[in-house]
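# A closer look at the structure
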Amino acid sequence: MPSKFFAFLDRMKLIDRWALMRNTTTEDVAQHTMQVAMIAHALCIIENSVFGGDLDANKAAVIALYHESAEVVTGDLPTPVKYYDESINKAYKNIERRAEQKLLDTLPDELKDAFKPCVQPDKNCAEYKIVKRADKMSALIKCVEELAVHNVEFSNAYEITKKELETSPEKSVGYFIDVFLPAYSMSLDNLLD
């Protein structure tokens, strides 16, 4: 019997993000996942190289690659809906967990243990927490890009997300915001200059 695991994951490219907002550029879950993996990897390297941390950048990147895997079953529930109140959030977390398990169940038995920490990582590990920051950073980047082309629809999301990231205990997050975030609003000519 063929495994459906990677065919399911391939469907991330079909799931659009930011569904409740006007977008000048559509973003799918596959694009988002790649960006979060790069940012998580970078945050770990910054934390280790600049601030003396001891994070596994490769582990963080792998967790990030699978961090939205449940959405191939559930779709992308917009943040304002997901966090509307505690009961909705709790119910969604349960649905998400069941979707993750459904995905894991599509794997051959001999691979399930190897992929479980990717799909259902330890939420207390430092690398998972970095992935959560990278996920927020990706949202902030989307806001910056939309605001750069005068799409004010993202003004409120920008303020809320930036404020959340500014309270992050990891110093690498502030470093990324200061050093790398400004370039996301530049035109191609400015980037090449």
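One structure accompanies this document, and this report is about it.

Quick notes on the rules
- Residues numbered from 1 in each chain as written.
- Predicted model: local features only at pLDDT ≥ 70, side-chain atom pairs only at ≥ 80, totals over all residues.
- Heavy atoms only, no water.
- Helix = DSSP H or I, 4+ residues; strand = E, 2+ residues; numbered from the N terminus.
- Buried < 20%, exposed > 50% of the residue type's maximum accessible area, 1.4 Å probe, protein only.
- Axes fitted to C-alpha atoms, helices over the stretch in contact; angles between N-to-C directions.
- Parallel < 35°, antiparallel > 145°, perpendicular 65-115°, else oblique.
- Contact = heavy atoms within 4.5 Å.
- Nonpolar A, V, L, I, M, F, W, Y, C, P; charged D, E, K, R; others polar.
- Expected span 1.5 Å × (residues − 1).
- Salt bridge = Lys/Arg side-chain N within 4 Å of Asp/Glu carboxyl O.
- Polar contact = N/O pair within 3.5 Å; in protein donor to acceptor, adjacent residues only side chain to side chain.
- 1 Å grid on protein atoms, 1.4 Å probe; cavity = no way out; pocket = protein on both sides within 12 Å on 5 of 7 lines; lining within 4 Å.
- Points joined across faces, edges and corners; volume = space filled by probe spheres on them.

### Section: the environment of threonine 79
- Relative to the elements of secondary structure, threonine 79 occurs in helix α5 (residues 79–82).
- What makes threonine 79 partly exposed here is its relative accessible area of 45%.
- Separated by 61 residues in sequence, threonine 79 and tryptophan 18 place their C-alpha atoms 8.6 Å apart.

### Examining the packing of helix α2 (residues 29–51) against helix α10 (residues 171–179)
- Their axes nearest at 9 Å, the elements α2 and α10 cross at an angle of 110°. As judged from the angle between their axes, α2 and α10 are roughly perpendicular. Across the interface between the two elements, Ile39, Ala42, Leu43, Ile46, Glu47, Val50 and Phe51 of α2 pack against Lys171, Ser172, Val173, Tyr175 and Phe176 of α10.
- Residue classes in the contact of α2 with α10 are distributed as 9 nonpolar, 1 polar and 2 charged.

### Description of helix α9 (residues 155–166)
- In this model α9 runs 17 Å from its N-terminal to its C-terminal C-alpha over 12 residues, within 8% of the 16 Å that 1.5 Å per residue would give.
- Where α9 is buried, its residues meet α8 (126–148) and α10.

### A short note on the pattern of salt bridges
- Under the defined criterion, the tally for this structure stands at 12 salt bridges.
- Here lysine 112 ties to aspartate 109 by a salt bridge, and the two come within 3.1 Å at their closest N and O atoms. Separated by 3 residues within a single helix, lysine 112 and aspartate 109 lie in helix α7 (residues 109–119), roughly one turn from each other.
- Here glutamate 166 ties to lysine 162 by a salt bridge, and the two come within 2.8 Å at their closest N and O atoms. One end of the pair is glutamate 166 and the other is lysine 162, both in helix α9 and 4 residues apart, which spans about a single turn.
- Exposure remark for lysine 162: the relative accessible area of 21% places this residue in the partly exposed category.
- Each of Arg17, Glu27 and Glu68 takes part in a single network of salt bridges with overlapping partners.

### Brief notes about the environment of serine 155
- By the secondary structure assignment, serine 155 is in helix α9.
- In this structure serine 155 comes out as partly exposed when scored by relative accessible area, which is 30%.
- Taking the C-alpha atoms as reference, serine 155 lies 27 Å from leucine 192; in sequence the two are 37 residues apart.
- A polar atom in the side chain of serine 155 sits 3.0 Å from the backbone oxygen of valine 152.

### Focus: the layout of surface pockets
- By volume, the largest pocket is sized at about 1,000 Å³.
- Listed by contribution, the elements that provide at least two residues to the lining of the largest pocket are α3 (57–66), α5, α6 (86–105), α7, α8 and α9.
- Looking at the lining of the largest pocket, the element that brings in the most residues is α8, giving 6 residues.
- Considered class by class, the residues forming the lining of the largest pocket number 18 nonpolar, 5 polar and 15 charged.
- In this model, the second largest pocket occupies a volume close to 350 Å³.
- Lining of the second largest pocket is provided by 19 residues; of these, Thr25, Gln35, Ile141, Lys142 and Glu145 occupy positions nearest its centre.

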